[in-house]
Amino acid sequence: MMLDAVFFDRLSRLRLTMDHRTSMNLTGNRKSIQKGSSMEFSDFREYMPGDDIRRIDWNAYGRLDRLYVKEYMEEKEAVISILIDTSASMNYGAKTKSELACMLAAAFSYMGLNNMDRVMLYDMHRMYLPFVAEGGKRALPRMTAWLEQCSFEGTVDIAQAVRELPVKGPGVTILISDFLQEAFLDQESLTKLLRFLDYRKQRTVLLHVLAKEELSVELTGTRNLIDMEDQSTLRVTLDAASIRTYEKTLREFTDRMRRECVRAGAFYEVCSTGADIYQLIFQDLRVLYDI
């Protein structure tokens, strides 16, 4: 992966936003809805038997002649789950979709690690064997090594992979895929997937990785197209009319994905292998960050 120290230094200033405040019983940099013992003041409430008397606000007692205790926000560790489509179709392109997918996964993993979140990386072929990255930036070398050994082959069932996601509380789930599966031609399949993740209290992010060559076709003439996953072939003649039809159909597909994500409160973005990674991370995806 061609990511340098300057890139990671800029990433260190960013943090993923969350729709749901975390309630995991772990220590990190996220503010929980649970009340705890950190030094950030939250609210007052009336004293109840069993409360720590050290939290009584005696100034309030002097003014109101009633006992009140101070409550504080408890800092918790968020869980960021990143699912990578490792099917064979991700190997397409002069700059492959798999390479961009790993760069995106590395960037969002680093953001989480830098903010002391727990990062779970999943190869959709092996959902039962995630890479768990925690403990801050020192986990970066192991995380990078894990990404570099990912093998992109065969087929995956994205919906099934999501159903196998073992989330136990609110968090962020990022799906990185080309979404080139017949199931996603049916809007209902995407709707069910998004509803499932919302039910599991996840902030859902779909990064639709497509090759530059898929977004802007430059091939012409009669060609044999070979499916990278099942090796089936299709003989087509690529002329101006057929290319316009293809590009129109692709736009309709991505527009439909975007509309459904907006309706479900999820984030969606097409990520081209032809895009500059700095532009992609620091501009196109900036709505995902709260700092």
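None of these values were measured; they are calculated from a predicted model.

(A) The overall build of the chain, seen in detail. A count of helices and strands for the chain gives 9 helices and 10 strands. Counting across all 291 residues of the chain, residues that qualify as buried make up 46%. Counted over contacts in the chain with a minimum sequence separation of 6, partners at least 24 positions apart contribute 75%.

(B) Structural context of the nonpolar core. Ranked by internal contacts, the top residues of the largest apolar core, which has 50 residues, are Phe 108 and Ile 281. For this core, the element with the most residues is helix α3 (residues 97-114), which contributes 12 residues. Judged by nonpolar contacts, the second largest core, of 28 residues, contains Met 120, Met 124, Ala 161 and Leu 193.

(C) How the structure looks around the pairing of strand β8 (residues 221-226). Strand direction decides the pairing type here: β8 and strand β9 (residues 233-238), joined by 6 bridges, are antiparallel. Within β9, the residue paired with Leu 225 across the bridge is Leu 234. A loop of 6 residues connects β8 with β9, the two strands running antiparallel in sequence, and Gln 231 in this loop sits at a positive phi of about 65°.

(D) Region of interest: the packing of aromatic side chains. Using the criterion set out here, one finds 8 aromatic pairs in the structure. With 6.5 Å between their ring centres and 40° between their planes, Phe 108 and Tyr 289 make a pair best called tilted. Placement of Phe 108 in helix α3 and of Tyr 289 in the segment after α9 (277-284) is noted, with a sequence separation of 181 residues between them. Tyr 289 carries the same exposure label as Phe 108, and that label is buried. Note that Arg 10 overlies the ring of Phe 282, its terminal NZ or CZ placed 4.0 Å from the centroid.

Analysis parameters
Residues numbered from 1 in each chain as written. Predicted model: local features only at pLDDT ≥ 70, side-chain atom pairs only at ≥ 80, totals over all residues. Heavy atoms only, no water. Helix = DSSP H or I, 4+ residues; strand = E, 2+ residues; numbered from the N terminus. Buried < 20%, exposed > 50% of the residue type's maximum accessible area, 1.4 Å probe, protein only. Contact = heavy atoms within 4.5 Å. Core = buried A, V, L, I, M, F, W, Y, C linked by side-chain atoms within 4.5 Å. Pairing = 2+ DSSP bridges. Phe/Tyr/Trp six-rings, centres within 6.5 Å; stacked < 30°, edge-to-face > 60°. Lys NZ or Arg CZ within 6 Å of the ring centre and 35° of its normal.

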